[in-house]
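Examining the three-dimensional arrangement
Spelled out from the first residue to the last, the chains are:
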Amino acid sequence: MHKYCLIFLLFFISPFYSQTITQTIKGVVIDKQSQTPIPGAVVQVLNSDPLLGTITNEKGEFKIQNVPIGRWQLKFQSVSYKEKYITVILNAGKESISNVEMEESVIQGEEVVVVAEQDKTKTNNKMSTVSSRVFSSEEAARYAGSRNDPARMAANFAGVSGSNDSRNDIIIRGNSPLGILWRLNGLDIPNPNHFGNAGSTGGPVSILNNNTLDNSDFMSGAFAADYGNATSGVFDLRMRKGNNEKHEFLVQMGFNGFELGAEGPYNKKKSSSYLLNYRYSTLAVFKALNIDFGTGAAVPQYQDITFKTDFATKKAGSFSFWAVGGLSYIALLERDKKPGQEIFGYSSRDTYFRSNVGAAGLSHTYLFKNNAYIKTNAGTSIQYNNIVADRIDTAFKTPNNLKPEYRQTTQTIRYSFNTTYNKKFNSRDFINTGVYSDLYTTLFIDSIDNYFGNNTFVTLRDYRGTTVLMRGFIQWQHKFTDNFLINVGVSDQFFLLNNSNAIEPRAGLKYSINNKQSISLGGGMHSQLQPIYIYFATDSLNGKRVETNKNLDFTRATHAVLAYDNSFATNFRLKAELYYQYIYNAPIQNFPSYFSALNLGADFESPNVNNLVSKGTGENYGIELTLEKFYSKGYYILFTGSLFESKYKGSDNIIRNTAFNGNYVFNLLGGKEFKIGQRHTLSVDVRGTYAGGKRYTPIDLNASIASNDEVRDGTRAYEFQYPDYFRLDVKPGYRYNSKKLTHEFTIDIQNVTQHANVFQQSYDIQNKTIKTDYQLRFFVIPQYRLLF
């Protein structure tokens, strides 16, 4: 620890210069619904002396030069539009670029003033009414314990459980993390995480690069009709544009890897730009420093790349091409495990895991002259996994006492296309409609040997095929007044594999009691495909493997949400939400069993569960509270609390807790910046989480000993909980601005109290006992970032 403090002091004792360092703030201002530029909008840098500002040009563009570095609030005004305020952080090494959307007032000429740092209930999606929030990449970097990961950051929001140090799965309102939809730049994408298994939505390290993200949306229920194939929540992410006037660079070193980034213009006259980031794992360095991250002697290896280019034409509209991709590999070897060392692998097994994922897309936006635009996206994505597991047993009398036990190779390539038409009729009425199509080409092969004889491997799944998911939607927004609006829509999706069809009506309304308080109501029907591997599970019939799950329906859910929002003081906000969800048509087995697909996603496995029927049910209900002090006067505070129940019923007709029914989650975050002169800024961020322990099915020790493998007592499925989860993180930081460089150094100290949070219980085959694995006891993550 003294090494990190020494580095910190070396930065801090740099000389204090009196010369004022300035930078540029620029961007574009557009109409939120029609996406057309707003010329003549007034942009002001509040509290600057003298007052700095400008007016947008005919393209809606603005540029304010010679702004002193620091944190500034910008005010945007235009005739017939509601005033808008945003906050920007200005560093010496990078210009600030903002894309600002303004909302037209129904009553022309009336001023509506927003006094918060940013109204985080107003998402990028125009039709979101409840259970939604916009977040910035700066928040993902700011919060202690988030590791620059949008998913870990979202775990601090009300209704979200994230009490797993090893993965960033998002558990929303007691739902499985498999219910999440990931969307990037308008295209639905597979699990964007390193070491993500087939069908999962989380992983230890995100492929999404926080340095390339723009303001994005997170939704936890009752989402709008343009989102399909999800029952839990939505991450609607956007990558930002590169600087179209100036080349800028980034160097970053930390837990997520060693990173290099660049952005700039192709041609300044044509407003084209590029954005490129590459990252390579540095965990080998952490291991050399004897820092344990839960994988024993194994060192996770990964790398990823992010790219985006934007260019506009005079008549054909604007185009954008983007790509993200990541490679990851780990070998969890029993022989490398030291006595007493915890390792998140399987007992008496060597496991080799490889995961590759990537996505790329081309976007086109064309603005019509009648306040309408059409946006089209086309792209492809791929997810590949390979698992090799070898059993270790002294009875084998083989080299290293090893015999092959399990093999799996999966690959899903998805070709996606969607187009949406958006029309703003006037300040009151807006519609959008669109079609989506996803063609899946899937390979899933796995086999197992439970007898360890000669030629005793049994093929579980062996599928190669193609299928299509199609979806269409239409929705309408009407503002009766500036204080009362309604959103209505309907979505319809069709799965060609088995001709399943789901029609999903949705609606939301919002009434503003005054300029501080509002009440909202949202509800609708939502449906989702099963993980693709579920459809191709097999059973043995007359000596042949038979696919038993191909006719499964969508899992369906009905959401209802009541929300109250109160901005009771400047930069303060109180929000409460009451919700209920009824889930039906969930896959369960066709004989009495506790199994339900609603519990999938609780671990790394893709189980071969066969003989499923769409007859399972479940329900989630609860209340959530958010109390937030937006960043102002050098500090911020965020408190979120959730009380909830999550139940399901399998084919044995017993109502049980789901695997994700933690019952309660509380988060308290805060941060403070101390500015020393113009060049130096000290900061400290703190985060505390207290949550109900993870549900589990107890191990039947006698049965496990008899079978020489782990056996769970299914009659008591998810009846028990591990002890409550508690973690306290502290992240001090220091930022130094020279004339053209910005240095940032942080130390994210996680679980500072070294609280023993249980990760799992498992059966130890060698010792014939039940062992308990714990999550990270104490973890220090230094990070250095250079902007120039």
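Throughout, a residue's number is its position along its own chain's written sequence, starting from 1. Only residues with pLDDT of at least 70 get local features here, since the model is predicted, and only at 80 or more are side-chain atom pairs given and counted; chain-wide, interface and lining totals rely on the full set of residues. Here the side-chain values reflect all heavy atoms present in the structure, with hydrogen atoms and water set aside.

**Here's the deal with the overall build of the protein**
Basically, it comes down to this: Here a strand is any run of E in DSSP of at least two residues, a helix any run of H or I of at least four, and the numbering for each starts at the N terminus. The reference for a compact globule is 2.2 Å times residues^0.38; the radius of gyration itself is calculated from the C-alpha atoms. Burial here depends on accessible area, computed with a 1.4 Å probe over protein chains only, as a share of the maximum for the residue type. Under 20% is buried, over 50% is exposed, and the range in between is partly exposed. We call two residues in contact when some of their heavy atoms are within 4.5 Å. Under the counting rule used here, the positive set is Lys and Arg, the negative set is Asp and Glu, and His together with the chain ends is not counted. Every charge is mapped onto a representative atom, which is NZ of Lys, CZ of Arg, CG of Asp or CD of Glu.
A count of helices and strands for the protein gives six helices and 45 strands. For 788 residues, the compact-globule formula gives about 28 Å, and the C-alpha radius of gyration of the protein, at 26 Å, lands near that figure. Seen through its principal axes, the protein has C-alpha atoms that stretch 80 × 60 × 45 Å. Burial statistics for the protein: of 788 residues in total, 58% are counted as buried. Once local pairs closer than 6 in sequence are excluded, the contacts in the protein between residues at least 24 apart make up 65%. The positive charge centre, built from 83 side chains, and the negative charge centre, built from 70, are 5 Å apart in the protein.

**Things to note about the nonpolar core**
It is characteristic of soluble globular proteins that their nonpolar side chains tend to be buried jointly. Formally: Remark: nonpolar core denotes a set of buried residues (Ala, Val, Leu, Ile, Met, Phe, Trp, Tyr, Cys) joined through side-chain atoms within 4.5 Å.
Among the nonpolar cores identified, the biggest contains 29 residues, and Ile170, Trp182, Leu184, Phe218, Phe235 and Trp322 are the most heavily contacted of them. In this structure, Phe235 is in contact with Phe135, Pro150, Ala151, Ala154, Ile170, Leu181, Trp182, Arg183, Asp217 and Phe218, ignoring residues within four places of it in sequence. Residues Leu178, Ala502, Ile532 and Leu600 belong to the second largest nonpolar core, which totals 21 residues.

**A word on a nonpolar patch on the surface**
In plain terms, the rule: Patch building starts from residues that exceed 30% relative accessible area and form no salt bridge, then joins like charges within 9 Å and nonpolar side chains (Val, Leu, Ile, Met, Phe, Trp, Tyr) within 5 Å. Using the Shrake-Rupley algorithm and a 1.4 Å probe, accessible areas are obtained, with residue cover drawn only from the displayed protein chains. In the sections that follow, a salt bridge refers to a side-chain nitrogen of Lys or Arg positioned within 4 Å of a carboxyl oxygen of Asp or Glu.
On the surface, a cluster of nonpolar side chains totalling about 940 Å² of accessible area is made up of Leu509, Tyr511, Ile513, Ile519, Leu521, Leu562, Leu578, Ile623, Leu643, Phe666 and Tyr690. Elements with a minimum of two residues in the nonpolar patch: strand 28 (500–512) and strand 29 (517–528). Along the chain, Ile513 falls in the loop between strand 28 and strand 29.

**Considerations on the pairing of strand 18 (residues 257–265)**
Spelled out, the test is: At least two bridges found by DSSP between two strands are what make those strands a pair.
Along strand 18, seven of the nine residues are buried, which leaves the element largely enclosed by surrounding structure. Two elements, strand 17 (residues 248–254) and strand 18, share seven bridges in a ladder whose sense is antiparallel. Bridge pairing in strand 18 places Phe249 opposite Ala262. Pairing of strand 18 with strand 19 (residues 273–280), which is carried by eight bridges, proceeds in the antiparallel orientation. Across the sheet, residue Phe258 finds its bridge partner in strand 19, namely Tyr280.

**Digging into the packing of aromatic side chains**
This is how it is decided: Paired rings are identified among Phe, Tyr and Trp, the last through its six-membered ring, by centres lying within 6.5 Å, and are further divided according to the angle between planes into stacked (under 30 degrees), edge-to-face (over 60) and tilted (the rest). Placement of a charge over a ring requires the Lys NZ or Arg CZ to be within 6 Å of the ring centre, with the centre-to-atom vector within 35 degrees of the ring normal.
Here the structure, examined in full by the defined rule, presents 28 aromatic pairs. Judged by centre distance (6.0 Å) and plane angle (85 degrees), the rings of Phe135 and Phe235 are edge-to-face. With a gap of 100 residues between them, Phe135 in strand 8 (residues 132–135) and Phe235 in strand 16 (residues 233–237) connect regions that are remote in the sequence. Phe235 shares its class with Phe135; the two are buried. Three or more aromatic residues link up through ring pairs in this structure, and these residues are Phe135, Phe157, Trp182, Phe218 and Phe235. The residue whose ring lies beneath Arg173 is Tyr579, and the NZ or CZ to ring-centre distance is 4.4 Å. Across from the ring centre of Phe425, 5.6 Å away, lies the NZ or CZ of Lys423, which sits over that ring.

**Digging into the sheet that holds strand 8**
Here we have five strands laid out as an open sheet, ordered 8-15-16-11-12, and mixed in their pairing. The outermost strands of the open sheet, each flanked by one partner alone, are strand 8 and strand 12 (187–188). Inspection of the sheet shows strand 15 (residues 216–219) paired to strand 16 by three bridges, in the antiparallel sense. Its bridge partner lying in strand 16, Phe218 is registered against Phe235.

**Thoughts on unusual backbone geometry**
Residue Asp49 is joined to Pro50 through a cis peptide bond whose omega torsion reads 0 degrees. Mapped onto the elements of the fold, Pro50 is located in the loop between strand 2 (42–45) and strand 3 (52–55). Look at Asn47: it is not a glycine, yet its phi comes out positive at around 65 degrees. Within the secondary structure layout, Asn47 lies in the loop between strand 2 and strand 3. Backbone geometry places Asn708, a non-glycine residue, at a positive phi of 60 degrees. Accessibility expressed as a relative area gives 22% for Asn708, which makes it partly exposed.

**A short note on the environment of Pro732**
Structurally, Pro732 can be placed in strand 41 (residues 725–737). Sequence separation of Pro732 and Leu682 is 50 residues, and the distance between their C-alpha atoms is 7.6 Å. Setting aside residues up to four positions removed in sequence, Pro732 forms contacts with Ser683, Val684, Phe745, Thr746, Ile747 and Ile749.

**Concerning the confidence of the model for the protein**
Inclusion rule: The pLDDT value tells you how sure the predictor is about a given residue, anywhere from 0 up to 100.
Confidence in the prediction of the protein, expressed as mean pLDDT, is 89, and 93% of residues score 70 or more. Ignoring residues within four places in sequence, the model shows residues 6–17, a span with pLDDT below 50, making 21 contacts including any to other chains. Contacts from residues 109–117, a stretch scored under 50 in pLDDT, to residues over four places away or in other chains number 25 contacts.

**Thoughts on the sheet that holds strand 6 (residues 84–90)**
For the record, the criterion: To define axes, lines are fitted to C-alpha atoms, for helices over the stretch in contact only, and angles between the resulting N-to-C directions are given on a 0 to 180 degree scale.
Taken in spatial order, the four strands of this open sheet run 3-2-5-6, and their pairing is antiparallel. Since the sheet does not close on itself, it has two edges, and those belong to strand 3 and strand 6, each with one partner. Neighbouring strand axes in the sheet, compared pairwise and without regard to direction, differ in orientation by 20 degrees on average. Relative to strand 3, strand 2 runs antiparallel, the two being bridged by four bridges. Residue Val45 lies in a different strand from strand 3, and its bridge partner there is Leu52.

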